[in-house]
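# Chain and residue survey
Listed here are the chains, written in short residue letters.
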Number of protein chains: 2
Amino acid sequence: MSDSASDWDDDSPAGTADRQPRRRAAPAALDGARARPSRNTDPTLPARERAYREMRYRILEGGLAPGTTLLETELATLLAMSRTPIREATIRLEKEGLVTIRPRHGITVNALSLDDLAEIYEVFSALEVRAAGLAALRGLSTEAAERMRGLLDAMEHATQQGRIEHWSRLDDEFHSTIAAASGNARLQSTLRLYWDQQYRARLAIVPLRASPTRSDAEHRSIFEAIRAGDEAEAERLMRAHRMRADAQTLELLRGQPFVASGGAG
Amino acid sequence: MSDSASDWDDDSPAGTADRQPRRRAAPAALDGARARPSRNTDPTLPARERAYREMRYRILEGGLAPGTTLLETELATLLAMSRTPIREATIRLEKEGLVTIRPRHGITVNALSLDDLAEIYEVFSALEVRAAGLAALRGLSTEAAERMRGLLDAMEHATQQGRIEHWSRLDDEFHSTIAAASGNARLQSTLRLYWDQQYRARLAIVPLRASPTRSDAEHRSIFEAIRAGDEAEAERLMRAHRMRADAQTLELLRGQPFVASGGAG
DNA sequence: GCCGCTGATAATGTATACATTATGACGGCG
DNA sequence: CGCCGTCATAATGTATACATTATCAGCGGC
């Protein structure tokens with residue numbers, strides 16, 4: 001089982017670090033993120049942190065379906081802790097756009113309408129375009145370049161084998177590698193926020209996707225532009241890529257069951 | 001709309017506040033800070049909300065200087081409430097990038113290095129460029145157009161009179177109007193987040209700014225492009241505007257007292 | 001039969017008690 | 001003389017008690 005929910009580098013400066021040394025993490029490799037077991041029950045973690053991770057995990061992976069409403073007390077029972085850490089975790093999740101807290105009505109897992117998703121993609125894509133540009137401007141480390149090349153190869157291979165789900169995970173990784181290569185930790189962490197929000201929707205259409213031959217080609221050209229240090233071209237290509245991919249995704253999502261047209265923001 | 005600096009969101013900080021340059025707040029500092037009660041004292045609001053607004057206000061307006069560290073207990077005393085709402089408020093503020101929570105070390109008002117500000121501007125500008133494009137794409141309402149035209153006139157007038165501080169507030173309003181015209185609430189709210197983070201720094205250089213004749217001209221051309229519905233041109237002009245303005249801002253900030261280049265965070 | 005009032009009730013908001021743990025002082029040891 | 005382990009303590013983490021308040025059922029008036 002994948003842990004795609006945590007492909008994106010976890011905590012970042014403006015983000016949700018709990019116990020962080022003074023200096024922020026270096027341009028960090030994302031490699032460590034994969035090792036973590038998806039189910040987080042480590043009892044040594046603070047309860048607040050367990051609550052946050054567990055709820056985030058369940059929301060992203062579908063255990064808590066969009067529209068689900070739970071009371072603080074119910075969550076407390078569910079996760080076997082008191083309301084205090086639950087409240088702190090839900091505040092974080094609300095800030096991240098995953099739930100909505102309505103006093104005396106409960107905590108609701110955000111259900112996204114197509115309009116919501118369109119909004120999310122608009123922000124996400126604008127940021128990713130810039131990330132590509134910055135990556136080009138700043139240059140790829142040898143490791144990042146290697147990594148991206150490996151991902152491109154693997155994606156093409158997955159495409160040939162028709163392993164769309166696997167391809168999708170590699171795609172996530174590719175894009176998050178670009179985010180990391182932007183050298184801007186805040187950009188990276190804001191991207192992760194929006195990534196989380198669209199994660200479930202994206203997951204839902206994975207099986208519907210056609211062979212992503214075109215994306216493979218676009219990815220490769222984006223990589224080449226970044227590698228060549230051509231900022232304008234990297235941004236141009238990424239913009240084109242995202243415009244096409246976003247439109248396609250929204251199209252596939254149209255008519256999907258859980259994408260209500262009037263969902264909550 | 002409102003007389004204050006901007007309509008980014010609920011309460012907008014306007015006017016100047018006194019500085020309190022104490023690095024480490026001793027108990028003595030608490031009384032000093034309490035001396036100036038701001039208007040977020042409405043006792044009908046939940047304590048958590050009062051704490052949030054009051055802290056945000058003091059951080060943005062300088063009552064709580066960057067680098068200031070306070071313990072939960074001290075904040076509770078300062079704002080005359082228990083630790084519970086304080087904790088909830090600080091979690092929100094940390095998510096917004098205004099403070100850093102270091103367990104057993106206290107809550108520190110984030111001090112931004114030049115690198116931090118550069119990061120912030122990179123994200124902010126990427127989003128604002130897109131906002132301009134979307135505004136062009138979607139068209140301005142009559143009111144928005146009127147409002148922007150009025151702001152442009154007022155800005156030029158302020159420039160002629162050398163009222164830089166006033167100009168700066170109008171500038172905020174102009175940019176937030178564009179954000180609103182993007183029609184994307186998430187974009188707007190993320191812009192506000194980053195705007196908050198750079199607010200103090202921007203405030204600090206207001207008196208140092210030269211006559212913003214050039215910005216006035218750029219603003220007008222951006223407005224024209226948006227009004228003409230020319231998405232690409234609006235983005236192009238906004239990008240140029242921001243690149244120039246950001247570079248200038250960072251240049252002015254270099255050497256400013258509270259902007260430690262090493263990362264005084 | 002509908003509207004609005006009212007109070008019981010449940011849920012949240014806040015305070016506080018209690019548990020846990022990092023820190024920094026202190027003193028012994030090398 | 002300095003290093004390291006230990007412990008007291010302060011600060012946070014969590015649970016729980018208590019206060020406040022919105023909701024909704026039920027009732028009475030219109």
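Data block above holds the structure.
Residues numbered from 1 in each chain as written. Chains lettered and ligands numbered in written order. Predicted model: local features only at pLDDT ≥ 70, side-chain atom pairs only at ≥ 80, totals over all residues. Heavy atoms only, no water.

### Remarks on the overall build of chain A
Scanning chain A from N- to C-terminus turns up 10 helices and 3 strands. When the elements of chain A are put in sequence order from the N terminus, they spell out α-α-β-α-α-β-β-α-α-α-α-α-α. The contacts of chain A with a sequence gap of at least 6 include a subset with a gap of at least 24, amounting to 76%. Counting every atom, chain A has about 11,400 Å² of accessible surface; 53% of that belongs to carbon and sulfur. (Helix = DSSP H or I, 4+ residues; strand = E, 2+ residues; numbered from the N terminus. Contact = heavy atoms within 4.5 Å. Areas by Shrake-Rupley, 256 points an atom, 1.4 Å probe, with all protein chains shown as cover.)

### Looking at the sheet that holds strand 3 (residues 106-109) of chain A
All names here are of chain A. Spatial ordering of the open sheet is given by 1-3-2, a layout of 3 strands whose pairing is antiparallel. Of all the strands in the sheet, just strand 1 (69-70) and strand 2 (99-102) have a single pairing partner and so form its edges. Pairing between strand 2 and strand 3: 4 bridges, direction antiparallel. From the neighbouring strand, T100 faces strand 3, where its bridge partner is T108. Where helix 4 (residues 83-95) meets the sheet, its contacts fall on strand 2 and strand 3, and the angle it forms with strand 2 comes to roughly 120°. (Pairing = 2+ DSSP bridges. Axes fitted to C-alpha atoms, helices over the stretch in contact; angles between N-to-C directions.)

### Overview of the protein's contact with DNA strand D
Surveying the vicinity of DNA strand D reveals 17 residues, the closest of which are A47, S82 and T84 of chain A together with R87 and R104 of chain B. Note that a phosphate oxygen of DNA strand D is positioned 3.1 Å from one of the side-chain N or O atoms of H105 of chain A. Here E72 of chain B contributes a backbone N or O atom positioned 3.4 Å from a phosphate oxygen of DNA strand D. Elements supplying a minimum of two residues to the surface near DNA strand D: helix 2 (47-61) and helix 4 of chain A together with helix 3 (72-78) and helix 4 (83-95) of chain B. For the surface near DNA strand D, the leading source of residues is helix 4 of chain A, giving 3 residues. Among the residues forming the surface near DNA strand D, the class breakdown is 6 nonpolar, 4 polar and 7 charged. (Near = heavy atom within 4 Å. Polar contact = N/O pair within 3.5 Å; in protein donor to acceptor, adjacent residues only side chain to side chain. Nonpolar A, V, L, I, M, F, W, Y, C, P; charged D, E, K, R; others polar.)

### Looking at the protein's contact with DNA strand C
Neighbouring DNA strand C are 17 residues; R87 and R104 of chain A together with A47, S82 and T84 of chain B lie closest to it. The sugar-phosphate share of atoms of DNA strand C within 4 Å of the protein amounts to 59%. Between DNA strand C and R104 of chain A there is a distance of 2.6 Å, counted from a base nitrogen to a side-chain nitrogen or oxygen. R104 of chain B places a polar side-chain atom, nitrogen or oxygen, 3.1 Å from a base oxygen of DNA strand C.

### As for the environment of E251 of chain B
Residue and element names in this part refer to chain B. Checked against the element boundaries, E251 lands in helix 10 (residues 231-253). Looking at E251, the relative accessible area reads 48%, which means it is partly exposed. For the pair E251 and L114, spaced 137 residues apart in sequence, the C-alpha separation works out to 9.5 Å. (Buried < 20%, exposed > 50% of the residue type's maximum accessible area, 1.4 Å probe, protein only.)

### Digging into the interface of chain A and chain B
Facing the 38 residues of chain A at the interface are 36 residues of chain B. Interface area, chain A with chain B, both sides summed: about 3,100 Å², of which 44% is carbon and sulfur. Contact with chain B buries area across many residues of chain A, yet K95, E122 and R186 of chain A alone supply 21% of it, more than any other trio. Linking chain A with chain B are 10 salt bridges. For E96 of chain B, the salt bridge goes to K95 of chain A, with nearest N and O atoms at 2.5 Å. There are 20 residue pairs in polar contact (both at pLDDT 80 or more) connecting chain A and chain B. Residue composition of the side of chain A that touches chain B, by class: 12 nonpolar, 8 polar and 18 charged. (Buried area = accessible area lost by both parts, 1.4 Å probe. Salt bridge = Lys/Arg side-chain N within 4 Å of Asp/Glu carboxyl O.)

### Quick look at the packing of helix 2 (residues 47-61) of chain B against helix 8 (residues 185-205) of chain B
Residue and element names in this part refer to chain B. Between helix 2 and helix 8, the shortest axis-to-axis distance is 8 Å and the interhelical angle comes to 40°. On the basis of the axis angle, helix 2 is oblique to helix 8. Along its contact with helix 2, which presents Y52, R56, I59, L60 and E61, the element helix 8 presents R192, D196, Y199, R200 and L203. Of the residues contributing to the contact of helix 2 with helix 8, the split by class is 5 nonpolar, no polar and 5 charged. (Parallel < 35°, antiparallel > 145°, perpendicular 65-115°, else oblique.)

### What to know about the relation of the copies chain A and chain B
Copy one and copy two of the chain differ by a rotation about an axis and a translation along that axis. Turning chain A through 180° and shifting it by 0.1 Å along the axis lays it on chain B, with an RMSD of 0.1 Å. These values place the two chain copies in the arrangement generated by a two-fold rotation axis. A shared binding surface is used by both copies, with 74% of the interface residues of chain A retained as interface residues in chain B. (Least-squares fit on C-alpha atoms with pLDDT ≥ 70 in both.)

### A word on the nonpolar core
Among the nonpolar cores identified, the biggest contains 123 residues, and L140, F174, I178 and I226 of chain A together with I178 and I226 of chain B are the most heavily contacted of them. With residues up to four places along the chain from it excluded, the contact list for I226 of chain B reads A132, A135, A136, L140, I178 and A234 of chain B. (Core = buried A, V, L, I, M, F, W, Y, C linked by side-chain atoms within 4.5 Å.)

### Looking at the packing of aromatic side chains
Applying the stated criterion across every chain yields a total of 2 aromatic pairs over all chains. Plain terms: the ring middles of F124 of chain A and W195 of chain A are 5.6 Å apart, the flat faces sit at 45° to each other, and that makes the pair tilted. Separated by 71 residues along the polypeptide, F124 of chain A in helix 5 (residues 114-138) and W195 of chain A in helix 8 (residues 185-205) bring together distant segments of the chain. No difference in accessibility class separates F124 of chain A from W195 of chain A, as the two residues are buried. Relative to Y199 of chain B, the ring of W195 of chain B has its centre 5.0 Å away and its plane inclined at 50°; by these criteria the two rings are tilted. One end of the pair, W195 of chain B, and the other, Y199 of chain B, are both in helix 8, 4 residues apart, so they sit about a helical turn from each other. W195 of chain B gets classed as buried once you look at its relative accessible area, which sits at 4%. For Y199 of chain B, a relative accessible area of 5% translates into the label buried. Sitting over the ring of Y52 of chain A, R92 of chain A keeps its end group 3.9 Å from the ring centre. (Phe/Tyr/Trp six-rings, centres within 6.5 Å; stacked < 30°, edge-to-face > 60°. Lys NZ or Arg CZ within 6 Å of the ring centre and 35° of its normal.)

### Topic: the pairing of strand 3 of chain A
Residues and elements named next belong to chain A. Covered by surrounding structure in strand 3 are G106 and T108 together with I107 and V109, the residues of both alternating faces. Strand direction decides the pairing type here: strand 1 and strand 3, joined by 2 bridges, are antiparallel. In the sheet register, L70 faces strand 3, and the bridge partner there is I107.

### A few points about the sheet that holds strand 3 (residues 106-109) of chain B
Adjacent strands of a sheet form backbone hydrogen bonds with each other and so pair up, either parallel or antiparallel. If you trace the 3 strands from one edge of the open sheet to the other, you get 1-3-2 (chain B), paired in antiparallel fashion. With partners counted over all chains shown, the strands left at the sheet margins are strand 1 (69-70) and strand 2 (99-102) of chain B, one partner each.

### Concerning helix 10 (residues 231-253) of chain A
All names here are of chain A. Taking 1.5 Å per residue, 23 residues should reach 33 Å; helix 10 reaches 32 Å between its end C-alpha atoms and fits that length. Every buried residue of helix 10 is listed here: A234, E235, L237, M238, H241, R242, A245, D246, T249, L250 and L253. As for helix 10, its buried residues are in contact with helix 5, helix 7 (164-181), helix 8 and helix 9 (213-227). (Expected span 1.5 Å × (residues − 1).)

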